[in-house]
Amino acid sequence: MTGLFLIFISAIVFPGIIIRTKSIASGRKGPGILQPVKDVRVLLGKGSVFSDTTGLVFRIAPAISLSAIVTATLLIPFGNMKSVISFEGDFIFFSYMLALGKFFSIISALDTGSSFEGMGANREAFFSMLVEPAFFILMATLAMFTGYTSFSDIFTGFFITGNHYVLIYSLIGLYLFIQIAIIENSRVPVDDPKTHLELTMIHEVMILDNSGFDKALIHIAGWLKFALYGALIFNLAVPSGWNVFLQVALFLSIMAAFAVIVGLVESFRARNKMNKNPKFILTLSAIALIAFLVVLIVTEKFIL
Amino acid sequence: MSALFFLIIIFLTFLVFIVPKGYKHHYSLLVLISGVLLTSFWSLQVLSGNGEIIISTGVSGITSIPELIIDRLTAFFITVINITVLVGLLYSRGYLKQYYTIKNSLRFSIHYFSYLWLYLSMLMVVMIREGLPFLIVWEIMALSSFLLVIFDAEDTSVMKTGISYLIQMHAGMFFLLTAFLIVGKATGEMSFDSVAVYFSGHSNILLFILFFIGFGIKAGFMPLHTWLPQAHPAAPSHISGVMSGVMIKMGIYGILRILMSVHQDMISIAVIILVVSVLSGIIGIMMAIVQQDLKKILAYSSIENIGIIGMGIGLGALGMAKGNNTLAVLGFGGALLHVLNHSFFKSLLFFNAGSVYSVTHTRNTGQMGGLMKKMPYTSVLFLIGSLAICGLPPFNGFISEFIIYSGMFKSLSSSGIYQSIFIMGSIVALSLIGGLAIFCFTRAFGIVFLGQARSQRASAAEEVEKSMIFPQFITVGFIILIGVASSLFVRPVFKIVTTGFKIPETGLSDTSFISSLSGISVAGGIFVVLVAIILIYRKYHLSSKVVANGPTWGCGYTAPSPQQQYTSTSYSYNFNHLAKPVLQTKKIMDEIGENEIFPSGRSFRSESEDVYKKYLIDKPVDLVSGLLKRIAVMQTGRIQDYILYAFVFMLIVLLLTWINII
Amino acid sequence: MLLLFFITAVLMVVLIFLLRNRTITKFISIGYAIMHILLSVYCWSNQNFTELRYFTFNSTGVLLLSILSVLAIPTLYHGFIYTRGNDLKKFNIYHGALITLMTFMSGAYLANGMTVLWIFVEATTLAVALLIYHDRTEMALEATWKYVFICSAGIALAYLGILFLGFIYGREDAASLTFSSLSVLINQANPMYLKIAFLFVLIGFSTKMGLFPMHTVTIDAHSVAPPPVSALISTTLMNVGFLAIYRVYTLFSSSSILPFMNRVLIFAGLLSLLVAAGYMLKAKHLKRMLAYSSLENMGLVAIATGVGGSGYYAAILLIVLHSFAKSSLFYQMGQLSRVLGTFRLDDCGNYMKLYPAGSLVLITGLFCILAIPPSGLFISEFLMMKGLVNNGQWFVLITAIILLCFVIYAMSTRFMHIIFSNPRQYPEFTPSGKVRPVETVTQFLLLGVVIAICFYQPQFLVDIINQSLSLLPR
Amino acid sequence: MIIYLIVLFAVTLIYLASAERLLNYVRLIAIQGLLLCGIALLELKDVNTANLVFIVAETLLFKTLLIPYLLSAIIGKSGVTKVHRQAIPGFYLLLFSIGAMLLSVVLANSLINPFINTIYMTIALYTLFTGLLLIVTHRLIISHLIGFLIIENAVFIFSLAVGSEMPMLINIGILLDIFVGVLILGFFGLRLKPNTNELTMLKD
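Residues numbered from 1 in each chain as written. Chains lettered and ligands numbered in written order. Predicted model: local features only at pLDDT ≥ 70, side-chain atom pairs only at ≥ 80, totals over all residues. Heavy atoms only, no water.

## Notes on the overall build of chain A
Consideration 1: Helices and strands together make up the secondary structure of chain A, namely 11 helices and 1 strand.
Consideration 2: Overall, chain A shows an N-to-C arrangement of helices and strands of α-α-β-α-α-α-α-α-α-α-α-α.
Consideration 3: For chain A, the C-alpha radius of gyration of 19 Å lies close to 19 Å, the compact-globule estimate for 304 residues.
Consideration 4: Sequence-distant contacts, at least 24 apart, represent 77% of the contacts inside chain A between residues at least 6 apart.
Consideration 5: For chain A, the exposed area adds up to about 10700 Å²; of that, 71% sits on carbon and sulfur atoms.
Consideration 6: Positive and negative charge centroids in chain A, built from 21 and 18 side chains respectively, lie 9 Å apart. (Helix = DSSP H or I, 4+ residues; strand = E, 2+ residues; numbered from the N terminus. Rg over C-alpha atoms; globule rule 2.2 N^0.38 Å. Contact = heavy atoms within 4.5 Å. Areas by Shrake-Rupley, 256 points an atom, 1.4 Å probe, with all protein chains shown as cover. Lys, Arg positive; Asp, Glu negative; His and termini not counted. Charge placed at Lys NZ, Arg CZ, Asp CG, Glu CD.)

## Some details on the overall build of chain B
Consideration 1: A tally of regular secondary structure across chain B gives 25 helices and 5 strands.
Consideration 2: Taken over C-alpha atoms, the radius of gyration comes to 27 Å for chain B, in line with the 26 Å a tight globule of 662 residues would show.
Consideration 3: The principal-axis extent of the C-alpha atoms belonging to chain B is close to 100 × 80 × 60 Å.
Consideration 4: Of the contacts formed within chain B by residues at least 6 apart in sequence, a portion of 78% connects residues at least 24 apart.
Consideration 5: For chain B, the exposed area adds up to about 22900 Å²; of that, 69% sits on carbon and sulfur atoms.
Consideration 6: A gap of 7 Å separates the mean positions of the 42 positive and 29 negative side-chain charges of chain B.

## Observations concerning the packing of aromatic side chains
Consideration 1: Per the counting criterion, the structure on display carries 88 aromatic pairs over all chains.
Consideration 2: Taking 6.2 Å as the distance between ring centres and 85° as the angle between the ring planes, the aromatic pair formed by phenylalanine 50 of chain A and phenylalanine 58 of chain A counts as edge-to-face.
Consideration 3: Judged by relative accessible area, phenylalanine 58 of chain A falls into the buried class, the value being 1%.
Consideration 4: Here tyrosine 165 of chain B and tryptophan 227 of chain B contribute two aromatic rings whose centre-to-centre distance is 5.1 Å and whose plane-to-plane angle is 50°, an arrangement assigned as tilted. Pair noted here: tyrosine 165 of chain B is in helix 6 (residues 156-187) and tryptophan 227 of chain B is in the loop between helix 8 (204-219) and helix 9 (228-234), with a separation of 62 residues, a long-range link. Just as tyrosine 165 of chain B is buried, tryptophan 227 of chain B falls in that class too.
Consideration 5: The ring centre of phenylalanine 50 of chain A lies 4.5 Å from the NZ or CZ of arginine 59 of chain A, which sits over that ring.
Consideration 6: Geometry around tryptophan 138 of chain B places lysine 218 of chain B over its ring, the cationic atom sitting 5.5 Å from the centre. (Phe/Tyr/Trp six-rings, centres within 6.5 Å; stacked < 30°, edge-to-face > 60°. Buried < 20%, exposed > 50% of the residue type's maximum accessible area, 1.4 Å probe, protein only. Lys NZ or Arg CZ within 6 Å of the ring centre and 35° of its normal.)

## Details of a nonpolar patch on the surface
Residue and element names in this part refer to chain C.
Consideration 1: Taken together, the side chains of Met1, Leu4, Phe27, Ile30, Ile34 and Leu38 make up a nonpolar region of the molecular surface, amounting to roughly 600 Å² of accessible area.
Consideration 2: Top contributing element to the nonpolar patch by residue count: helix 2 (residues 22-45), with 4 residues.
Consideration 3: Along the polypeptide, methionine 1 turns up in the segment before helix 1 (2-19). (Patch = residues over 30% accessible without salt bridge, like charges linked within 9 Å, V, L, I, M, F, W, Y side chains within 5 Å. Salt bridge = Lys/Arg side-chain N within 4 Å of Asp/Glu carboxyl O.)

## Description of the side chain of arginine 247 of chain C
All names here are of chain C.
Consideration 1: Looking at the element boundaries, arginine 247 is found in helix 10 (residues 227-253).
Consideration 2: No salt bridge is formed by the buried arginine 247. Its closest oppositely charged neighbour is glutamate 51, at 15 Å.
Consideration 3: Within polar-contact distance, the side chain of arginine 247 engages the backbone oxygen of tyrosine 109 at 3.2 Å. (Polar contact = N/O pair within 3.5 Å; in protein donor to acceptor, adjacent residues only side chain to side chain.)

## Quick notes on helix 3 (residues 59-82) of chain C
The periodicity of an α-helix, 3.6 residues per turn, causes residues three or four places apart in sequence to face the same way.
Residues and elements named next belong to chain C.
Consideration 1: Look at helix 3: 34 Å from first C-alpha to last across 24 residues, which is about the 34 Å you get at 1.5 Å a residue.
Consideration 2: Taking the largest bend as the criterion, helix 3 deviates by roughly 30°, centred on alanine 72, and proline proline 74 comes between one and four positions later.
Consideration 3: The buried fraction of helix 3 amounts to 20 of the 24 residues, a majority that puts the element mostly inside the structure. (Expected span 1.5 Å × (residues − 1). Bend = angle between axes of the 7 residues up to and from the residue.)

## A closer look at the interface of chain A and chain B
Consideration 1: The partner chain B presents 78 residues to the 75 residues of chain A that form the contact.
Consideration 2: It is Tyr96, Phe103 and Phe213 of chain A in chain A that bury the most area against chain B; as a group they hold 11% of the surface buried on that side.
Consideration 3: The interface formed by chain A and chain B contains 2 salt bridges.
Consideration 4: One salt bridge connects glutamate 88 of chain A with lysine 410 of chain B, and the closest N-O pair in it is separated by 2.1 Å.
Consideration 5: Counting across the chain A and chain B interface gives 13 residue pairs in polar contact (both at pLDDT 80 or more). (Buried area = accessible area lost by both parts, 1.4 Å probe.)

## Regarding the environment of phenylalanine 234 of chain A
Residues and elements named next belong to chain A.
Consideration 1: Inspection of the secondary structure assignment puts phenylalanine 234 in helix 9 (residues 213-237).
Consideration 2: Take phenylalanine 234: its relative accessible area is 1%, and that puts it in the buried class.
Consideration 3: In this structure, the C-alpha to C-alpha distance between phenylalanine 234 and leucine 199, residues 35 residues apart in sequence, is 36 Å.
Consideration 4: Not counting chain neighbours up to four residues away, the residues in contact with phenylalanine 234 comprise Phe78, Gly79, Gln247, Leu250, Phe251 and Ile254.

## Description of the nonpolar core
Consideration 1: One finds Leu259 and Phe575 of chain B to be the most contacted residues of the largest nonpolar core, which totals 637 residues.
Consideration 2: What leucine 259 of chain B contacts, discounting residues up to four positions off in sequence, is Phe208, Met266, Ile269, Ile273, Ile313, Ala317, Phe332 and Phe501 of chain B. (Core = buried A, V, L, I, M, F, W, Y, C linked by side-chain atoms within 4.5 Å.)

## Remarks on the pattern of salt bridges
Consideration 1: Tallied over the entire structure, the rule returns 21 salt bridges over all chains.
Consideration 2: Between lysine 353 of chain C and glutamate 154 of chain B there is a salt bridge, and its shortest N-O distance comes to 3.7 Å. Here lysine 353 of chain C is found in helix 14 (residues 351-354), whereas its partner glutamate 154 of chain B is found in the loop between helix 5 (131-149) and helix 6 on a different chain.
Consideration 3: Judged by its relative accessible area of 26%, glutamate 154 of chain B is partly exposed.
Consideration 4: Of the charged contacts in the structure, one is a salt bridge between arginine 602 of chain B and glutamate 596 of chain B, with a shortest N-O distance of 3.0 Å.
Consideration 5: On the basis of relative accessible area, glutamate 596 of chain B is assigned to the partly exposed category, the value being 27%.
Consideration 6: One network of salt bridges, in which partners are shared, links Lys103, Arg107 and Glu154 of chain B together with Lys353 of chain C.

## Considering the arrangement of the chains
Consideration 1: Looking at the 4 pairs of chains with contacts, the pair that accumulates the most is chains A and B.
Consideration 2: With respect to C-alpha atoms, chain A approaches chain C no nearer than 42 Å, and the pair has no contact.
Consideration 3: Across the gap from chain A to chain D, with no contact made, the nearest C-alpha atoms are 58 Å apart.

## Examining a positive patch on the surface
Consideration 1: Side chains of Lys26, Arg84, Lys434 and Arg436 of chain C sit close together on the surface and give a patch of like positive charge.
Consideration 2: Inspection of the secondary structure puts lysine 26 of chain C in helix 2.

## What to know about helix 1 (residues 2-18) of chain D
Residue and element names in this part refer to chain D.
Consideration 1: Under the 1.5 Å per step criterion, the end-to-end length of helix 1 is 25 Å for 17 residues, consistent within 8% with the ideal 24 Å.
Consideration 2: Every buried residue of helix 1 is listed here: Leu5, Ile6, Phe9, Thr12, Leu13, Leu16 and Ala17. Seen along its axis, helix 1 keeps its buried residues to an arc of 145°; they face one direction. Of the residues in helix 1, the exposed ones pointing more than 90 degrees away from the buried face are Tyr4 and Tyr15. (Arc of directions from axis to C-beta.)

## What to know about the side chain of asparagine 204 of chain B
Consideration 1: In this fold, asparagine 204 of chain B is placed in helix 8.
Consideration 2: When sequence neighbours within four positions are dropped, the list of residues in contact with asparagine 204 of chain B reads Phe199, Val262, His263, Gln264, Asp265 and Ile269 of chain B.

## A short note on unusual backbone geometry
Consideration 1: Unusually for a residue other than glycine, histidine 361 of chain B sits at a positive phi of about 55°.
Consideration 2: Even without glycine at this site, alanine 371 of chain C takes up a positive phi of about 55°.
Consideration 3: Along the chain, alanine 371 of chain C falls in the loop between helix 15 (356-369) and helix 16 (377-391).
Consideration 4: For alanine 371 of chain C, a relative accessible area of 3% puts it in the buried group.

## Focus on a negative patch on the surface
Residues and elements named next belong to chain B.
Consideration 1: There is a patch of like negative charges on the surface, built from Glu52, Glu67, Glu130, Glu189 and Asp193.
Consideration 2: Within the secondary structure, glutamate 67 sits in the loop between strand 1 (53-55) and strand 2 (68-70).
Consideration 3: Classification of glutamate 67 by relative accessible area gives partly exposed; the value is 35%.

## Observations concerning the environment of phenylalanine 415 of chain C
Residues and elements named next belong to chain C.
Consideration 1: Mapped onto the secondary structure, phenylalanine 415 falls in helix 17 (residues 394-420).
Consideration 2: Phenylalanine 415 gets classed as buried once you look at its relative accessible area, which sits at 1%.
Consideration 3: Setting aside anything within four residues of it in sequence, one finds phenylalanine 415 in contact with Met289, Leu290, Leu329, Leu362 and Leu366.

## Overview of the packing of helix 3 (residues 72-95) of chain B against helix 13 (residues 325-360) of chain B
All names here are of chain B.
Consideration 1: In the contact formed by helix 3 and helix 13, the axes pass within 10 Å of each other and the chain directions differ by 10°. On the basis of their axis angle, the class for helix 3 and helix 13 is roughly parallel. Between helix 3, through Leu73, Phe76, Phe77, Val80, Ile83, Thr84, Val87, Gly88, Tyr91 and Tyr95, and helix 13, the contact on the second element is made entirely by Leu336, Val339, Leu340, Ser343, Phe344, Ser347, Phe351, Gly354, Ser355, Tyr357 and Ser358.
Consideration 2: Residue composition of the contact of helix 3 with helix 13, by class: 14 nonpolar, 7 polar and no charged. (Axes fitted to C-alpha atoms, helices over the stretch in contact; angles between N-to-C directions. Parallel < 35°, antiparallel > 145°, perpendicular 65-115°, else oblique. Nonpolar A, V, L, I, M, F, W, Y, C, P; charged D, E, K, R; others polar.)

Below, the structure is given as C-alpha cells:
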C-alpha cells in the first residue's frame with residue numbers, strides 16, 4: 001500500500017518539477033511546484049462546454065482512461081512488498097489496461113468530429129502501436145532472466161541472482177522506461193506540449209474539446225502515468241532488499257531526478273519531424289532486443 | 001435412440017419448402033432450436049462426464065450412415081456452433097425484412113433450407129470421423145454456404161464472388177481428398193484414427209502439409225485466404241457473421257484433429273504453423289486497416305484472429321514437441337478459448353455491420369459517420385465488440401490472448417536457443433497485432449459511428465427494430481461472462497486439451513494459473529467500480545455547474561462541414577505510407593493530358609487490392625483459362641477436320657506405342 | 001420373350017404409320033414403354049440366359065437396359081409435350097423413330113457377339129438421324145448430315161477393328177463368336193493385332209460414346225435435336241458406345257495388352273476433359289454446354305476404366321448416375337425453351353422469377369452433374385481418384401482436378417447467370433402455353449435418385465455392378 | 001488371275017487420287033464395283049447360292065449401277081463439275097496416296113499372320129487410306145461421299161481377306177453399310193440445295 005501512496009504523492013509533485021526545471025533552464029524563476037494542482041482545482045470549479053456533435057463516448061472517455069491508469073498503478077510493487085494485486089503475467093494486464101485507456105481517449109477525440117482531433121487520434125494510435133513491442137520485449141527479457149512472470153516476483157528476483165550483468169538490464173530498462181513514459185505522455189522528442197499549432201500536436205490536440213471536470217481528469221491521468229513509469233524505474237534501479245526508509249527516500253529522489261531529466265530534455269532538444277517518429281520509436285524495440293541477446297548469452301543458451 | 005431424433009431433424013429441414021412464406025422463419029427457428037437442444041444435451045453429457053458418446057445407426061450399404069462420435073473437443077465445437085448459429089437466425093428475422101417484397105418465396109425457402117443445412121453439416125463435420133462421409137459433409141457445408149452467400153445474386157459481382165468461393169472450397173476439398181486417399185492407400189482405411197496409424201509408420205510432414213492446406217483454405221490462413229475478404233462482404237450480414245464466426249473454425253477443428261495424431265517431426269510442423277499464423281495475423285490486420293468497406297475490415301480481421309488462434313496452436317505444438325507441458329496446455333487452451341471468443345465478438349460485429357447496412361444501404365465507411373446519435377444500441381454493441389476483439393481487459397478477447405501470452409512467457413526461461421527465438425518472435429508479433437487491432441478498430445468505430453454524418457444516407461439513419469437488437473444481448477452476455485468469470489470457462493478448456501492431446505495433468509489447472517485469472521477478474525472489478533464512482537461523482541459535480549453546448553473547436557474557422565472530418569483513408573494514411581511494400585495501394589485517377597487545356601471532370605479513388613489474390617489466384621487462373629480457350633478450336637464445323645482428328649489420334653497412339661511410351 | 005418383344009415393336013411401328021391417329025400413337029408409345037419395362041424385369045429375373053442364339057442377358061447389358069426403360073417414360077412424356085404443336089406426319093415420324101431407336105438400343109445392350117452389337121449400333125444411327133432432323137431447320141439438316149456421315153465412317157472403322165478380331169482366330173465366322181468363346185482364344189494372338197483392333201474399336205465407337213477422337217458430331221446433334229431426344233442420345237446412346245468399348249476391353253483384359261489399353265483410355269479421357277473444359281469456357285449455347293458436360297463425364301468414365309481396380313466400379317456407377325442427372329437436365333431444357341424462348345446464353349435471364357420450379361431443378365441438377373458431394377457422382381469420382389492414387393499416377397490426378405475446377409467454374413457461372421441475372425435485352429418472347437410446374441416432377445425424381453445414391457447404395461445395385469466386373473482382373 | 005484384278009483395283013485407286021472431274025470419280029467407282037465382283041467370285045471357292053446372290057447384289061447391283069446413277073444425279077443437280085481449288089492441288093494428293101501405298105505395304109508385312117492373305121491386306125489398307133485421304137483433303141460434300149464409298153470397298157476387301165468363304169453375318173454387315181451409303185446418297189444428296197456444297201454453320 002505504501003507504494004500506491006508514494007506514487008500518488010509523486011504524481012501530484014511531478015508536473016510542477018518539470019515546469020520548474022524548464023523555467024530555470026530558460027532563466028526564469030518559474031511557478032511553484034504545486035501550481036498544476038491549483039490549475040486543476042480551478043478547472044474543477046468551472047462548468048463545461050460540450051460540442052453538439054459529441055455523444056455518450058465523449059462524456060465517459062476521460063473517466064475510463066483515468067480509472068484504467070489507476071487500476072494499472074495497483075499492480076506496481078514497492079521494494080519487497082507485493083503490489084495490491086499481483087498474479088502471474090500481470091504486466092500483460094498492465095499494458096492492455098493502459099491500451100484500454102488509450103482506446104477510449106482516441107475514440108473520444110474522433111467523436112468531436114474535428115479534423116484536428118482526428119489527426120491527433122490517428123497519430124496517438126499509430127505511435128502507441130509501435131511502442132507496444134518494446135515494452136513486451138523488455139518484460140520478456142526480464143521474465144526469461146528471472147524465471148518469474150509477475151511484477152513483484154521479477155523485481156524481487158531481479159537482484160537476488162547476484163550476477164553482475166544485472167547492471168546492464170537495469171540501465172537498458174531505465175532508458176526504455178524513460179523513453180516509453182515520454183512517448184506515452186507525448187513529451188518533447190515525440191511531441192511538444194507547448195506548441196500552439198494544432199497540426200503538429202498529438203496529445204494536446206486530442207483534448208482540445210474537453211473542458212471543466214473532464215479536462216481535470218485528463219490532467220490527473222497524465223500525471224499518474226508519469227508517476228507509474230517512475231515507480232517502475234525505481235523498482236529496476238533500487239534492490240528490494242534494503243530497509244524501507246532508505247527506499248522511500250530513494251523513491252522520491254529518483255522521481256524528482258526523472259522529472260528534472262524530462263524538463264531538461266524538453267528545454268534543450270527540438271521536436272522530431274512527424275514522419276521521423278516511427279523510426280525513433282522503433283529504436284526502442286531494437287534496444288530491447290539487445291537486452292534479449294544479452295539474456296541469451298547470460299543464460300548460456302547462446303554460446304559465443 | 002438419440003440418432004433417431006437427429007434423423008427426424010434432418011427430415012424436418014426438407015419441409016421448409018412447404019411452409020408458407022410468412023412462417024418460414026418461425027419454422028426454421030423451431031427446427032434449429034430442437035437441433036440446438038439435442039446437440040447441447042449431448043455435449044453437456046460429454047463435457048460433464050468423461051469419455052465420449054458414440055451414436056450409431058445400424059443402416060448398411062457402401063456409404064452407410066456413419067457413426068457420430070462426440071468427444072470433448074467435438075462437444076466444445078458444438079457449443080461454439082450452437083450459440084452463434086442461433087443468434088444469427090434470430091437476428092436474420094429483422095435483417096431479411098427489407099428483402100421480403102423483392103424476393104419470391106422459393107428464394108427464402110432455399111435460404112432457410114441451406115441455413116439449416118449449414119448448421120447440420122457443421123455439426124456433422126465435427127462429429128464424423130470416417131473419411132468419405134467426412135468429405136461429403138465437408139462439401140455440403142461449402143455448398144450450403146455458397147447458396148447462402150449468393151442470396152442477393154442479382155448483382156453480378158456477388159455472383160462472381162460466390163462462384164469463386166465455391167471453386168476454392170472445392171479445391172480445398174480435393175487437397176483433403178488426396179490426403180485421405182494417401183492414408184487409405186497406406187493403412188487400408190480412411191478415417192482420422194487411421195491417420196494416426198499412418199503417422200506412426202511414415203514421415204508426417206508431407207501429409208500434414210496436405211491436410212494443413214486443405215483445412216487452411218477453409219480457415220483462411222494467409223496465403224490461402226483470398227476467398228474470405230470477397231465472400232463476406234458479398235454475403236448477407238447474418239450469414240457472414242455465422243460464416244466468419246463459426247464456419248472458418250471448422251478448418252481449425254480439422255487442424256487440431258490432425259495434430260492430435262501427429263507422432264514424429266512435430267517441431268517442423270509447429271514451426272510451419274507458427275510462421276503461417278504470424279504471417280496471417282500481421283498482414284491480415286495490416287490489410288484490414290486500409291480497407292474502405294466495413295465488412296471487408298471485419299473479414300480481414302477474421303484472418304488476423306485466425307492468425308492468433310494458429311499462433312496458439314503452433315505454440316502448443318512447440319510445447320508438445322519439446323515436452324514442455326505448460327506451453328502445450330496454455331497454447332492449445334488459449335487457441336481453443338480464442339475460437340469461442342472470436343465466434344462471439346466477430347458475429348456481434350458482423351450483425352451490427354448488417355444493421356448499419358440495412359439502414360444506410362452502403363458499406364463504404366466514407367459515407368457513414370455520426371450514427372451513434374441515431375443508432376445508440378447498435379453502436380454500443382459495436383463498441384463492446386471492438387473492445388473485445390482488440391483484447392482489452394474487461395472482455396473475453398483479453399482472456400484468451402492472456403493465456404497465449406502467459407504460455408509464451410512461462411516457457412521462455414526453460415527453452416533452448418531456437419525455441420526462445422521463436423517464442424520471442426511470436427511475443428513481438430502478438431503485441432504488434434494487439435496494437436494494430438486497436439488502430440484498426442478505433443478507425444472502424446470512430447469513422448462509422450462517431451463525429452458528424454458524412455452523407456445524406458447516414459444522417460437519415462434511424463435505429464433498427466428491436467428484434468435485431470435483442471438476440472445480440474445473448475452474445476454480449478457471454479462476452480462479459482467470459483471476461484469476468486474466466487476461470488469458469490478456462491478449466492473445462494484445459495480439461496479438453498489435456499485429454500485430447502494426452503498431456504499429463506500438470507499442476508497448472510488448479511493452483512497458480514487459475515489464481516492469476518481470478519486476479520484479472522478482481523482487477524477488472526476494481527476498474528469497473530472506479531469508473532462507476534467517477535461517473536456518479538461527475539454527474540453530481542456537473543449538476544451544480546453551468547453546462548453549455550457549442551460548436552466543436554475549429555481554431556477560429558467558422559463554417560466547418562462534415563467533409564472536413566478525418567475520413568477512413570486519412571486516418572490510415574501514415575500507416576499506409578509505412579506499410580507500402582506489403583499493401584500496394586493503387587491511386588486510380590486518369591492523368592490530365594499535356595494538351596488538355598480545359599481538363600474535364602476528374603474522379604479520384606484509392607483502393608488496396610489484395611496482393612496475394614493478384615499473384616496467387618488471378619494470374620495463374622487467367623493463364624490456364626487462356627491456354628484452354630486456345631486449345632479448344634476443334635469444333636470447326638468441317639467434316640474433313642473431324643475425320644482428321646480420328647486419323648491423327650490413331651497415328652499418335654501408334655507412334656507412342658512404337659517408342660513404347662504407352 | 002425377346003423375339004416377342006422385337007415382333008411387337010415392329011408391329012407397333014407399322015401400326016403408327018398405318019393408322020395415322022394422334023391419340024392411338026400416344027397409346028402405342030405408352031404401351032411400348034410398359035412392354036420395355038416388362039422386358040427389363042424379365043431380363044433381371046433370369047440373368048445370363050441366352051435367347052435367339054445372339055442375345056444373352058449378362059449383367060452390364062441388363063443394367064443399361066433397365067436405365068433405358070426407366071428413362072423411356074419421361075422421354076415419351078416430354079416428347080408428347082414437345083410435339084404437341086407438330087402436324088400429324090411429323091408427330092408419327094417422331095414416335096415411330098423413337099420406338100425403333102429404343103428397340104435397336106435394347107438389341108445392342110443384349111447382343112452377345114461383336115458383329116450383332118455392331119449391326120444394332122449402325123441401325124441406331126439411322127433411327128437417330130430421323131429424330132435429329134425433327135425440326136426440319138437448315139441447322140438440323142446440317143447436323144443430321146454430319147452425324148450420319150461421321151457415325152457411319154466411324155462405325156466402318158470399328159468394323160475394321162472387328163475384322164481384325166476375326167484375323168486373330170483365322171476361322172471364318174470368327175466375328176460372330178460370342179464374347180465368352182472369344183476370351184478363351186485370346187492369349188495366343190499376336191499383341192500387335194490386339195492393339196490395332198482395340199484402337200480401331202475405340203476410335204470407331206468414340207463417335208457413339210462421345211469420347212475424344214470423334215466426339216464432335218454428337219455435340220452438334222445435341223444442340224439441334226429436340227430436348228427429349230437429346231436426353232436419350234446423351235445418356236442411353238452414349239451407354240451403347242461405352243458398352244461396345246467395354247465389351248472389347250473386358251475381352252482383351254486377360255491378354256498382355258491391358259497396360260496399353262489402360263494408358264490409351266486415360267490418354268483419350270484426359271484429352272476429352274481438356275477439350276470439354278476449353279469449350280465450356282467459351283460456350284454461348286446452353287445445350288452445347290450440356291453436350292460438353294457429357295463429353296467431360298465420358299472422359300471421366302474413360303479415365304476411371306483406364307485406372308482399373310476401384311476405377312471399374314466408379315466407371316459403371318458414373319455411367320448409371322450420369323444418365324439420370326443428364327437426362328433430367330435435358331428434360332428441363334424443354335421447359336426452358338418454352339419459358340425463355342431461346343438457348344443463347346446472352347439472352348437468358350431471371351429464370352428464377354419466370355419459372356421458380358425449373359430454376360430449382362437447374363440448381364440441384366448443376367450440383368448433381370458437377371459431382372459436388374450431395375450428388376452420387378462424387379462417389380464415383382472419389383473411387384476414380386482412389387484408383388489414381390493407388391497407381392501413383394499423380395500427373396493424371398492433378399491435371400484432372402485442375403480441369404474439373406475449370407469445368408465447375410464455367411458451368412456454375414452460366415447456370416447462375418440464367419437463374420439470377422437479368423438478361424441484356426428483355427426477350428419480347430411471351431411464353432406460349434402456361435408451363436405447369438408439375439412437369440418438373442420427373443426431373444426431381446431422377447435427381448433425387450442421384451442424391452440418394454450418394455448416401456446409401458442399395459444392395460441390388462452394388463451386386464449387379466460387381467457381377468458385371470467379374471470378368472475384369474482385380 | 002486374281003492378281004491382275006487386284007492390280008487393276010490399285011490403278012483405279014491411284015486415278016482416284018489424281019482425278020479432277022467429278023464424273024471421273026463416278027466412273028472409277030463403277031469400275032471398282034465390277035472389279036470387286038470379279039475378285040469376290042474368283043476368291044470364294046464353294047459359294048452357295050445364298051452367298052452368291054448377296055455378293056452379286058452388293059457389287060454389281062449397288063456399286064456399279066445404283067450408286068453411280070445417284071452420284072451423277074447429285075452432280076448434275078449441284079452444278080459443280082470440277083473439284084479443283086476445292087481441295088489441295090492434285091499433285092500433292094497423289095504424293096500422299098503414294099505414301100499411303102508404301103505405308104500399307106509396310107504395315108501389311110509387319111502384320112504377317114498365317115490366316116491372312118497379305119495381298120488382300122495391303123490392298124484393303126491402301127483403299128482405306130485413300131478413302132480417308134479423299135475425305136480429309138476435299139471440301140466438297142460429294143468428294144466426302146466418294147471417300148466414304150471407298151472406305152466401304154476397303155471393308156469389303158478386308159472381309160474377303162479373312163478366309164476362303166464369306167460368313168453370312170459379315171455379309172449382312174457389309175450390306176447394311178452399303179445401305180447406309182445409299183441412304184446418304186439418296187436422301188441427302190437430293191435434298192441439299194445446289195449452292196451449299198460445304199456446310200460449316202454449326203461451329204463454336
